[in-house]
Every structure is written in structure tokens, then in C-alpha cells.
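Residue-level listing of the chains:
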Amino acid sequence: MEKVIGDWLLHKRASENRAVSTVDKYETYLKRLVEFLKGTPLLDATYGQLHEFTGLHLYQQKVQPSSRKVYVAVVKGFFSWCLEEKLIVSDPSVRLQYPKVARKIPKAMGLANAEKLLMQPDLSEFIGLRDAAMLAVLISSGLRASGLTSLNESSLVGFKNKGVDRMALRLIEKGENERVVPLSVEAMILLQAYLGHPELLDIDRLLDSGDRVLFVSTKNRTVPVWEYRGEHRRLSRVAVRTIV
């Protein structure tokens, strides 16, 4: 049995490139299952035993649903592999259900922290102005990073509110649904300053559609210099997260 478990762990490490620490956790989970079975060979485990182990037993051990979910994944992964290797004739884990994990509602950033965040970039530099405009748009609209990086200049919509010039974003989100989101005055001012900056005017961000990328990158070592324009100038989600 130890050899079978060892072979599966080696498969996870070598074939699926799982981290050593992750594989060690898998081994611990399977050993706990072996202890729970109390002498029943692991490959002879029934659905009922696996159901009780991943459900009631772990619950009594005060294992949280998020962790029990990993236990279920390990058990299902192990027996699925055993079936592929013809070590068993049927998979007793196939009907195991993942526990429902409650999703915490994220807390909105308070005004004081939002203001502190907006004060971090250096507005005297082009990159700082770009970052401040991005942060202001994120705070004002609640966009995801992917939504932010997909914005083009045509996404900006001007309108008047009680005779005052304002700005909004026209967004195409999941399911191709369109919505228009008004921006804060701070976001509008920073965007106008960013769009009028001389360094941005010197960047070729023109797309084949005739539109222009809104938030541009200034470094991209994966693209040759002569191709660093248009779509290649678009800032990536990874870059946005790094900036934030």
C-alpha cells in the first residue's frame, strides 16, 4: 500500500509538477484516511467509508469546509489514478460531493484609505499619473483588473449632469452585457491629465479598429521594439496587480 501511495505521489510530483509541500500534504491526507479505515485495505475502501471520512469524520475533527474540499479532491484524485492504472475495477470515490464553501463578501475600501492610496503615485511623472488614473478608475467603478486592462479610449463617455461636464465608462462585461458606469470627479480629472500628457501623445497605441488602448505599458521585453505598439502596448492584469 505504501508503494501504491508513493507511486501516486511521484506521479503528482513528476507528471503534474506539483510542489513538494503540496505533495507532502497529499500524503498526510491519505495516511489519515488509512488510519480511519482501521485495517481495511485502502484499495478496498467503499463509497460509504470514503463518504463518512470526508464528511462526518472530518467535521468531528473540526476540519473547515475549505480544507475538507481539498481532502475530497485528494481522495478522488488518488482513486481515479488507481482506476487508470487498473489497480481497482471501479472507483468508489466517483460519487463523493465537494462540501459547499461559504464565500465571504469583500469589504469595500473606506474613503480615507482610498484617498491614501491615490496619494501614493508621483503625479509629476507620466507613470505616476497613469497609475493614479488607473487607481481612481478602479476605486470609482469597481472594475476587475481584466476589465480595466481591456479599456480603450472609446470606453470613455462624456455627459452632463446638472450642466456640469462628467465622464462615464461604457463597459462590456461577462455575457457581452453592456453597462455605463459614472466616474468620480477625481477619476475624470486624472484621466484627462493622463490623456493629455506629452509622453502618452508620443506612444503609438492605435488599434486596427481605429480605437486606442487606454492604459499603456512602458516596458515589455517579450515584444520586439519595432512591434511595441497598438495591442502590444496594453497593460497586463499582472502589471495592474503589481502596481496596486
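Here, the structure is the one placed above.
Sequence order as written defines the numbering, with residues in each chain counted from 1. Thresholds applied to this predicted model are a pLDDT of at least 70 for local features of residues and 80 or more for the giving and counting of side-chain atom pairs; totals over whole chains, interfaces and linings are not thresholded and use all residues. To obtain the side-chain values, all non-hydrogen atoms of the structure were used and water was disregarded.

**Q** Got a sec to walk through the overall build of the chain? Specific residues and values, please.
**A** Scanning the chain from terminus to terminus reveals 10 helices and 3 strands. This radius of gyration counts C-alpha atoms alone. The globule rule is 2.2 Å times how many residues there are, raised to the power 0.38. Radius of gyration (C-alpha) of the chain: 27 Å, far over the 18 Å computed for a compact globule of 244 residues. Its C-alpha atoms give the chain principal-axis dimensions of about 80 × 45 × 35 Å. Considering only residue pairs separated by 6 or more positions, the chain has 50% of its internal contacts joining residues 24 or more positions apart. When the accessible surface of the chain is summed, it comes to about 15800 Å², and 53% of that surface belongs to carbon and sulfur atoms. Only DSSP runs of H or I covering at least 4 residues are called helices, and only runs of E covering at least 2 are called strands; the numbering of each starts at the N terminus. In this analysis, two residues are considered to be in contact whenever any of their non-hydrogen atoms come within 4.5 Å of each other. Methods summary: accessible areas were calculated by the Shrake-Rupley approach with a probe of 1.4 Å, and residue burial reflects only the protein chains presented.

**Q** So what's going on with the nonpolar core? Which residues, and what values?
**A** Put simply, a nonpolar core is a bunch of buried Ala, Val, Leu, Ile, Met, Phe, Trp, Tyr and Cys residues held in one set by side-chain atoms that sit within 4.5 Å of each other. Relative accessibility under 20% of the residue-type maximum defines a buried residue, over 50% an exposed one, and the middle range a partly exposed one, all with a 1.4 Å probe and only protein chains included. With 33 residues, the main nonpolar core has Leu148, Leu151, Tyr194 and Phe215 as its most contacted residues. For this core, the leading source of residues is helix α6 (residues 126–141), giving 8 residues. Filtering out sequence-adjacent residues up to four positions away, tyrosine 194 remains in contact with Phe126, Leu129, Arg130, Ala133, Leu200, Leu214, Phe215 and Val216. One finds Val4, Leu37, Ala45 and Leu96 within the second-largest nonpolar core, a separate group that totals 27 residues.

**Q** Requested: an account of helix α3 (residues 47–60), with residues and values cited.
**A** Taking 1.5 Å of rise per residue, the 14 residues of α3 would be expected to cover 20 Å, and the 19 Å separating its terminal C-alpha atoms lies within 8% of that figure. The bend at a residue is defined as the angle formed between two axes, one fitted to the seven residues ending at that residue and one fitted to the seven starting there. Of all the bends found along α3, the most pronounced is centred on phenylalanine 53 and spans about 40°. Among the structural elements, α2 (20–37) and α4 (65–84) are those in contact with the buried residues of α3. Backbone geometry just after α3 places lysine 62 at a positive phi near 65°. Expected span of a helix, by definition, is 1.5 Å for each gap between consecutive residues, and there is one gap fewer than residues.

**Q** Would you mind going over the environment of asparagine 113 in detail, with residue names and values included?
**A** Examined against the element boundaries, asparagine 113 turns out to sit in helix α5 (residues 111–118). Its relative accessible area of 46% is what places asparagine 113 among the partly exposed residues. As for asparagine 113 and leucine 37, which are separated by 76 residues in sequence, their C-alpha atoms are 52 Å apart.

**Q** Could you give me a rundown of the packing of helix α1 (residues 2–14) against α4, with the residues and numbers involved?
**A** When two helices pack together, their arrangement is captured by the angle between the axes and the distance separating the axes. One can describe the packing of α1 onto α4 by two numbers: an axis separation of 11 Å at closest approach and a directional angle of 105°. What the angle tells us is that α1 and α4 run roughly perpendicular. Seen from α1, the contacting residues are Val4, Ile5, Asp7, Trp8 and His11; seen from α4, they are Val74, Gly77, Phe78, Trp81 and Cys82. Three residue categories are used. Nonpolar comprises Ala, Val, Leu, Ile, Met, Phe, Trp, Tyr, Cys and Pro, charged comprises Asp, Glu, Lys and Arg, and polar comprises the others, including Gly. Classifying every residue of the contact of α1 with α4 gives 7 nonpolar, 2 polar and 1 charged. Only the contacting stretch of a helix is used when fitting its axis, a line to C-alpha atoms as for every element, and angles between N-to-C directions run 0 to 180 degrees. To sort the angles, those under 35 degrees are grouped as roughly parallel, those over 145 as roughly antiparallel, those from 65 to 115 as roughly perpendicular, and the leftovers as oblique.

**Q** Before we move on, could you go through the pattern of salt bridges and cite the residues and values that matter?
**A** By definition here, a salt bridge exists when the distance from a side-chain nitrogen of Lys or Arg to a carboxyl oxygen of Asp or Glu is within 4 Å. Tallying each qualifying case throughout the model produces 9 salt bridges. Where lysine 3 meets aspartate 7, a salt bridge forms, and the shortest distance between an N and an O atom there is 2.9 Å. A residue pair is termed a helical-turn pair when its members lie 3 or 4 positions apart in one helix, as lysine 3 and aspartate 7 do in helix α1 at 4 residues. Residue classification places lysine 3 among the exposed positions, given a relative accessible area of 61%. The exposure class assigned to aspartate 7 is partly exposed, which follows from its relative accessible area of 31%.

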